[in-house]
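Given next are the chains, with one letter for each unit.
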Amino acid sequence: MMDLFDHAMKERIAWEAPLAARIRPRTLEEFVGQEEVVGEGRLLRRAIEADKLFSSIILWGPPGTGKTTLAMIIANTTQSHFETISAVLAGKPELRKVIEAAQERRKLYQKKTILFVDEVHRWNKAQQDALLPHVENGTITLIGATTENPYFEVIGALVSRSRIFQLHPLQDENVRKLILNAISDRERGYGKRNVEINNAALEHLMRVAGGDARNALNALELAVETTQAGSEGLIHIDLDVAQESIQRRAVLYDKDGDAHYDTISAFIKSIRGSDPDAALYWLAKMLYAGESPRFILRRLLILASEDIGLADPMGLVVASAAMQSFEFVGLPEGVYPIVEATLYLATAPKSNSAGAYFKAYKLIEEEGILPVPKHLQDSNRDAEALGHGEGYIYPHEHPEHHIGQQYLPAELLGTYFYRPSDQGYENQVQERLEQWRRAQKEALGIDEKIDLPDLSEDQIVDIKRHHRRDIG
């Protein structure tokens, strides 16, 4: 009789668990997202399906991206004994018990033990060291889960004996699928109740969740459980309910629509126009609305070259460092390098002289390609037979490491694509370049100066379109 009571209690506890726990995928087929880690044919997927976890692994990623779920899927499929402990609650005594049991199990039954340590970065060095020899000798196969960079927060010896798998925030479509699955699932979700969510509410939950499945499912659960059913028993989740459930106001922002393009345009134009306050406002709007930080960082990288360039060469360095820093840190703290790059670029001197490239591209497009002058050709292959490289003068053997020799085809001598600005560092470039061009004109007897006009924005956009077609 007690068994029946125990079974009933277990079922009740399972049903009373939060929606995110009830709906947790049990198999790889149910798992959503992280295709680069567990997609068809991927190494970890093959290891799980074959029940041959080749080594200890560390799952690294933000909350709600599937680290614990993957561990539970392994627990459901492996023939090994599976143990779970939390680094927040367990210390050396608990670990010692697990290891002693694993040693006994291996000795008596030749059965492996897989140990899942949640938030493994919470263990100090001594606690991690205590695990190391048992991982090394195969008593324990470790699955560690961490939200922190394991290369910094997990001891090097443990990292070197583990395979690191990085999980990323879920794509919006992944979150959408999880929400809809939870509404329709009759066994563990709300499929037995009449729940309806409109598109605006779904889009809001999906976007504001920030790639965190648990965040989205918790908000859905709160929305369903606190919404009064209508006369026909319908629980209708609209935008107001969704906003209240996830405690964020909706912002008009469609990632594939006008709001997306208009806002990033306002952001870039504000930085180009040296208005850091406006730039911060549009940045805040995009991040609040759930825009991808990586998309914003890519645009900052482009802007650093297109609108600042050599006026401040550090602009590209700062933008590149911001992108790299974000990959290490992630949200929410990863917003700081994005903000730093935004402010630096907005307050830097501006130059669009890198657009000189498009003048050269347009000239080639219109007039065709001219051959490389013989003295500039590669002398390593055909110097003796064809005279390639003959007559080339090595600049470093001359004063100031410069000699006024020909570098353009003869037909283009005196053609100047690049016109330095007088801003920032580029002002120094302008002075040097004028001196070098003057020396070259005197040495080569160049009388005519062909200073190509600047291209309009529409012309550059058109060339970029051709450029994407030709070399993209």
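Here the structure is a predicted model, which means the values were calculated and not measured.

1. What to know about the overall build of the protein
Part 1 of the reasoning: Within the protein, the regular secondary structure consists of 22 helices and nine strands.
Part 2 of the reasoning: In terms of C-alpha radius of gyration, the protein reaches 31 Å, well past the compact-globule figure of 23 Å for 472 residues.
Part 3 of the reasoning: Viewed in the frame of its principal axes, the protein has a C-alpha envelope of about 105 × 65 × 35 Å.
Part 4 of the reasoning: By residue count, 42% of the 472 residues in the protein fall in the buried class.

2. Things to note about the pairing of strand S1 (residues 56-60)
Part 1 of the reasoning: Burial analysis of S1 places five of its five residues in the buried class, the great majority of the element.
Part 2 of the reasoning: Two elements, S1 and strand S5 (residues 162-166), share five bridges in a ladder whose sense is parallel. The residue bridging Ile 58 from the neighbouring strand is Ile 164, located in S5.

3. Topic: a nonpolar patch on the surface
Part 1 of the reasoning: Side chains of Tyr 151, Phe 152, Phe 328 and Val 329 sit close together on the surface and give an oily, nonpolar patch of about 470 Å² of accessible area.
Part 2 of the reasoning: The topology assignment puts Val 329 in helix H17 (residues 314-329).

4. Some points on helix H6 (residues 92-109)
Part 1 of the reasoning: Taking 1.5 Å of rise per residue, the 18 residues of H6 would be expected to cover 26 Å, and the 25 Å separating its terminal C-alpha atoms lies within 8% of that figure.
Part 2 of the reasoning: If you check which residues of H6 are buried, you get Leu 95, Val 98, Ile 99, Ala 102 and Arg 105. Relative to the axis of H6, the buried residues are bounded by an arc of 125 degrees and lie together on one face. Exposed residues lying more than 90 degrees from the buried face of H6 are Lys 97 and Lys 107.
Part 3 of the reasoning: Structurally, H6 contributes buried residues whose contacts are with strand S2 (81-86), strand S3 (113-118), helix H7 (125-136) and strand S4 (140-146).
Part 4 of the reasoning: At the exit of H6 stands Gln 110, carrying a positive phi of roughly 50 degrees.

5. What about the sheet that holds S4?
Two modes of strand pairing occur in sheets, parallel and antiparallel, and in both the strands are linked by backbone hydrogen bonds.
Part 1 of the reasoning: Strand order in this open sheet of five strands is S2-S3-S4-S1-S5, and the pairing throughout is parallel. Of all the strands in the sheet, the pair left with one neighbour each is S2 and S5. Taken over all neighbouring pairs, the strand axes of this sheet differ in orientation by 15 degrees on average, direction set aside.
Part 2 of the reasoning: Direction of pairing for S1 relative to S4: parallel, over a ladder of four bridges. Bridge pairing links Ile 57 to Ile 143 in S4.
Part 3 of the reasoning: Across the sheet, H6 touches S2, S3 and S4, and the angle it forms with S2 is around 175 degrees.

6. Some remarks on the confidence of the model for the protein
Part 1 of the reasoning: Residue-level pLDDT values for the protein average 85, and 92% of them are 70 or greater.
Part 2 of the reasoning: Of all helices and strands in the protein, the one with the weakest mean pLDDT is helix H1 (residues 2-16) (52), whereas helix H18 (residues 335-347) scores best (95).

7. Details of the pattern of salt bridges
Part 1 of the reasoning: Tallied over the full model, the rule gives 18 salt bridges.
Part 2 of the reasoning: A salt bridge links Arg 45 to Glu 40; the nearest nitrogen and oxygen atoms lie 3.4 Å apart.
Part 3 of the reasoning: On the basis of relative accessible area, Arg 45 is assigned to the buried category, the value being 8%.
Part 4 of the reasoning: For Glu 173, the salt bridge goes to Arg 176, with nearest N and O atoms at 3.4 Å. In this pair, Glu 173 and Arg 176 are both assigned in helix H10 (residues 172-184), three residues apart and thus about one turn of the helix distant.
Part 5 of the reasoning: Put simply, Arg 26, Glu 30, Asp 185, Glu 187 and Arg 188 are held in one network by salt bridges that share partners.

Definitions and cut-offs
- Residues numbered from 1 in each chain as written.
- Predicted model: local features only at pLDDT ≥ 70, side-chain atom pairs only at ≥ 80, totals over all residues.
- Heavy atoms only, no water.
- Helix = DSSP H or I, 4+ residues; strand = E, 2+ residues; numbered from the N terminus.
- Rg over C-alpha atoms; globule rule 2.2 N^0.38 Å.
- Buried < 20%, exposed > 50% of the residue type's maximum accessible area, 1.4 Å probe, protein only.
- Pairing = 2+ DSSP bridges.
- Patch = residues over 30% accessible without salt bridge, like charges linked within 9 Å, V, L, I, M, F, W, Y side chains within 5 Å.
- Areas by Shrake-Rupley, 256 points an atom, 1.4 Å probe, with all protein chains shown as cover.
- Salt bridge = Lys/Arg side-chain N within 4 Å of Asp/Glu carboxyl O.
- Expected span 1.5 Å × (residues − 1).
- Arc of directions from axis to C-beta.
- Contact = heavy atoms within 4.5 Å.
- Axes fitted to C-alpha atoms, helices over the stretch in contact; angles between N-to-C directions.
- pLDDT = per-residue confidence, 0-100.

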